[in-house]
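As a plain string of letters, each chain reads:
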Amino acid sequence: MIQLDSSMQFHPTQLIKCPTGIQGLDEITEGGLPQGRPTLICGSAGCGKTLLGMEFLVRGATQYGEPGVFISFEETVEELTQNVASLGWDLNQLIAEKKIEIDCFYIDPTEIQETGEYDLEGIFIRLGNAIDSIGAKRVVLDTIEVLFYGLSNVAIVRAELRRLFRWLKTKGVTAIITGERGESSLTRQGLEEYVSDCVIRLDQRTHDELSTRRLQIVKYRGSHHGSNEYPFLIDKDGLSVLPITSVGLNHEISIDRIPSGIPRLDTMLGGQGFFRGSSILVTGMAGTGKSTIAAHFAASTCQRGERCLYIAFEEAPQQILRNMRSVGLDLAPYIQQDLLHIQALRPTIQSLEMHLVQIHRWLNTFQPTAVVIDPISNLTSSGSLLQTKSFFARLIDSLKAQQITVLMTNLIAAGMPLEHTEIGISSLMDTWLEVRTIEGNGERNRLLQLLKSRGMSHSNQVREFRLTSQGVDLIDVYLGQNQVLTGTARTIQEAADEQARLQRQQQAAARRRELEQQRQITQAQLAALQIQIEAENVEIEHLLQEESLYEAGVLQDRETIAQLRQADQP
């Protein structure tokens, strides 16, 4: 048996990576693409292969100081320049600064005739000159299938593919090769995925008339990577990949409290409001004031000088501003101060995954501390209930990881239980407010109650929820005789209670007067009796004195008589 010296240590060489600069892609690849090695980007037409390759070059040239060469077999320089101009990339300037070199090979498959031996030596020479001319560190070949159109000799095709990939490695460039998807393999030739060190698959799916682009890392030699499917978005800033499935529950929490924008509601929440970074749900039927509560929370955030992102799925921004003015809330100044952004869109405009990517991008660009989503129930039209619940679970986890407080409103349809959400996300919420209406005396009145608020003492009382021209007012409801009264019924009952109270006060005052009179009479009687008792005491004293004087006089008379008779002394 061979024994290893314990003093000898094995130090594995870590794979060096080349950052792409594409938002989200470097995160799921844990640093970027393998440096100095070829990466295959495969997928069907229209899924974003060419754009990903071009952005890889542009980001490398502008952010990392790495010049790049783009070889196109289908489009001209003019077409490529025009296609990416909408993204703000000036390829002509980058070419003039020798940061990017674009070379185009137009090959018409109908003109190819298979005669003699076939090799890519001419491509190698031309590509090598382009790399050397600008000192390129990055290369993109778009797309590889064009080189082999019309060739039936599979052995030659595979041999040249291997030689191409080996040649790119010898040049030390980080290469992206794009390829069209095959029927039963990732590419049409079925070999590129085996000789590539990294394989990324792009696709575009349509479900219920909603299209979603997805990215998956199928293979990455020598490196850990995310293996799930990740939605990505193509917009005016390029590609954006959201690593949504990697979000977990291991995030920091805060004990800071932030106001709700409604002072009486803060009192119900232990006097300090919501926890920062928590999730709040406001549920209720139409017209109960959910959006008003959300707007007050947004305004409170802006009043502290913090930013709030307001995502509306039902109303246009101007409509929201107009409606909130009716309750004394002017949100326009906060928009002008760049503290409030209102993003209004229909939920059916894109899939749930694309909504998640879009929200993620808004968060990165605007950097808010609070988010309002009004209402979340409309998103069920963009996917199934299971997909919608998964969407919100990932969104809430992502927001909590960033210490962003989120308030969501949920519309409850008529006939549904009040303490219920169709999506089933109430268990994900830290605080749950319910607003509802009750009918009586020909009117409808709103009630608000706290169903739960984790981590704090909170009120269990129902409050009447009034919308006035001065704002929101929470009033104690009338509780008594096993009933809850609001509105005019409460006013009438309170008036009746006040009248009964006044009557009781009057009756008590009359009885007090009557008792006072009786007391005065009794006191007068007591005074008369006292005088009588004193007079009788004087009379008794007088009688006692008379009796005493009488006895003294009798004794004196006896002594006098005895002296006169010269009686014997005893």
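Right, let's walk through the structure included here. (Residues numbered from 1 in each chain as written. Predicted model: local features only at pLDDT ≥ 70, side-chain atom pairs only at ≥ 80, totals over all residues. Heavy atoms only, no water.)

### Concerning the overall build of the protein chain
Here comes step 1: In terms of helices and strands, the protein chain carries 14 helices and 24 strands.
Here comes step 2: When burial is assessed residue by residue, the protein chain has 46% of its 570 residues classed as buried.
Here comes step 3: Sequence-distant contacts in the protein chain: of pairs separated by 6 or more residues, those separated by 24 or more amount to 69%.
Here comes step 4: When the accessible area of the protein chain is evaluated, it comes to approximately 29,800 Å², of which 50% is carbon and sulfur surface. (Helix = DSSP H or I, 4+ residues; strand = E, 2+ residues; numbered from the N terminus. Buried < 20%, exposed > 50% of the residue type's maximum accessible area, 1.4 Å probe, protein only. Contact = heavy atoms within 4.5 Å. Areas by Shrake-Rupley, 256 points an atom, 1.4 Å probe, with all protein chains shown as cover.)

### Thoughts on the nonpolar core
Here comes step 1: Counting 40 residues, the largest nonpolar core has Leu265, Tyr310, Leu331, Leu340 and Leu448 as its most contacted members.
Here comes step 2: Looking at this core element by element, the count peaks at seven residues for helix α9 (residues 290–303).
Here comes step 3: With residues up to four places along the chain from it excluded, the contact list for Leu448 reads Leu265, Met268, Ile293, Glu434, Val435, Gln461, Val462, Arg463, Phe465 and Leu474.
Here comes step 4: The next biggest cluster of nonpolar side chains, apart from the first, holds 36 residues, and it includes Cys18, Leu25, Ile28 and Tyr220. (Core = buried A, V, L, I, M, F, W, Y, C linked by side-chain atoms within 4.5 Å.)

### Observations regarding the packing of aromatic side chains
Here comes step 1: Taken as a whole, this structure holds three aromatic pairs when the rule is applied.
Here comes step 2: Between the aromatic rings of Phe274 and Phe297, the centroid separation amounts to 6.0 Å while the plane-to-plane angle is 75°, which identifies the pairing as edge-to-face. Placement of Phe274 in strand β13 (residues 274–275) and of Phe297 in helix α9 is noted, with a sequence separation of 23 residues between them. One exposure class covers both Phe274 and Phe297, and it is buried.
Here comes step 3: Look at Phe391 and Phe392: their rings are 4.9 Å apart centre to centre, the planes differ by 85°, and that puts the pair in the edge-to-face class.
Here comes step 4: A residue is classified by how much of its surface remains accessible, and Phe391, at 1% relative accessible area, is buried.
Here comes step 5: Geometry around Phe56 places Arg138 over its ring, the cationic atom sitting 4.4 Å from the centre. (Phe/Tyr/Trp six-rings, centres within 6.5 Å; stacked < 30°, edge-to-face > 60°. Lys NZ or Arg CZ within 6 Å of the ring centre and 35° of its normal.)

### Re the pattern of salt bridges
Here comes step 1: Using the criterion set out here, one finds 21 salt bridges in the structure.
Here comes step 2: In this structure, Arg436 engages Glu434 in a salt bridge whose closest nitrogen and oxygen atoms are separated by 3.6 Å.
Here comes step 3: Arg436 gets classed as partly exposed once you look at its relative accessible area, which sits at 22%.
Here comes step 4: By relative accessible area, which is 2% here, Glu434 ends up buried.
Here comes step 5: What emerges from the salt-bridge pattern is a single network uniting Arg37, Lys169, Asp197 and Arg221. (Salt bridge = Lys/Arg side-chain N within 4 Å of Asp/Glu carboxyl O.)

### Structural notes on the packing of helix α12 (residues 352–366) against helix α13 (residues 385–401)
Axis angle and axis distance: for two packed helices, these are the angle between their axes and the distance between the axes, and together they describe the pair.
Here comes step 1: Packing of α12 against α13 leaves a shortest axis separation of 10 Å and a crossing angle of 15°. Considering their axes alone, α12 and α13 lie roughly parallel with respect to each other. The two elements α12 and α13 meet at a crossing, and its hand is right-handed. Counting all contacts with α12, which are made through Leu352, Glu353, His355, Leu356, Ile359 and Leu363, the residues of α13 involved are Gln387, Thr388, Phe391, Arg394, Leu395 and Leu399.
Here comes step 2: For the contact of α12 with α13, the per-class residue count stands at seven nonpolar, three polar and two charged. (Axes fitted to C-alpha atoms, helices over the stretch in contact; angles between N-to-C directions. Parallel < 35°, antiparallel > 145°, perpendicular 65-115°, else oblique. Left-handed = near helix turned anticlockwise from the far one by under 90°. Nonpolar A, V, L, I, M, F, W, Y, C, P; charged D, E, K, R; others polar.)

### Some points on the sheet that holds strand β14 (residues 279–284)
Here comes step 1: One open sheet accounts for nine strands, arranged β16-β15-β17-β18-β14-β19-β20-β21-β22; its pairing is mixed. A strand with exactly one partner marks an edge of an open sheet, and here the two such strands are β16 (340–344) and β22 (471–476). Looking at each pair of strands side by side, their axes are set apart by 20° on average, direction ignored.
Here comes step 2: The sheet contact formed by strand β15 (residues 308–312) and strand β17 (residues 370–374) spans five bridges and is parallel. Each bridged residue has a counterpart across the sheet, and for Cys308 the counterpart in β17 is Ala370.
Here comes step 3: Those strands touched by α12 are β15, β16 and β17, and its axis lies near 155° from that of β15. (Pairing = 2+ DSSP bridges.)

### Quick notes on the side chain of Lys49
Here comes step 1: Mapped onto the secondary structure, Lys49 falls in helix α2 (residues 49–63).
Here comes step 2: For Lys49, the residues in contact, after removing those within four places along its chain, are Ile41, Cys42, Gly43, Ser44, Thr178, Gly179, Glu180 and Leu202.

### A closer look at α9
Residues separated by three or four positions in an α-helix point in the same direction, a consequence of the helix having 3.6 residues per turn.
Here comes step 1: An ideal rise of 1.5 Å per residue puts 20 Å on 14 residues; α9 measures up with 20 Å between its terminal C-alpha atoms.
Here comes step 2: For α9, a buried count of 12 out of 14 residues is recorded, marking the element as mostly surrounded by other parts of the structure.
Here comes step 3: At the C-terminal side of α9, Gly305 shows a positive phi close to 80°. (Expected span 1.5 Å × (residues − 1).)

### Some details on unusual backbone geometry
Here comes step 1: In this structure, Thr143 follows Asp142 across a cis peptide bond, with omega equal to -10°.
Here comes step 2: For Thr143, the position within the fold is in the loop between β6 (138–142) and α6 (154–171).
Here comes step 3: Between Asp374 and Pro375 the backbone carries a cis peptide bond, its omega angle lying at -10°.
Here comes step 4: Its location among the elements puts Pro375 in the loop between β17 and α13.
Here comes step 5: Unlike most non-glycine residues, Glu30 shows phi in positive territory, near 60°.
Here comes step 6: Counting through the fold element by element, Glu30 comes out in the loop between α1 (25–28) and β2 (33–34).
Here comes step 7: What makes Glu30 partly exposed here is its relative accessible area of 48%.
Here comes step 8: Located in the positive-phi region is Gln367, a residue other than glycine, with phi close to 55°.
Here comes step 9: Tracing the backbone shows Gln367 in the loop between α12 and β17.

### As for the state of the cysteines
Here comes step 1: Enumeration according to the criterion identifies zero disulfides in this entry.
Here comes step 2: No disulfide involves Cys47; its sulfur sits 8.3 Å from the nearest other cysteine sulfur, which is in Cys42.
Here comes step 3: With a relative accessible area of 0%, Cys47 lands in the buried category. (Disulfide = S-S within 2.5 Å.)

### Some thoughts on helix α5 (residues 121–134)
Here comes step 1: In this model, α5 (14 residues) spans 21 Å end to end at C-alpha, consistent with the 20 Å of a helix rising 1.5 Å per residue.
Here comes step 2: Those residues of α5 that sit buried are Ile123, Phe124, Leu127, Gly128, Ala130, Ile131 and Ile134. Looking straight down α5, one finds that the buried residues subtend no more than 165° of arc, so they occupy a single side. Projecting away from the buried face of α5 at angles above 90 degrees are the exposed residues Asn129 and Asp132.
Here comes step 3: One or two residues past the end of α5 sits Gly135, with phi positive at roughly 65°. (Arc of directions from axis to C-beta.)

Note that all results are geometric; they support no functional claim without further evidence.
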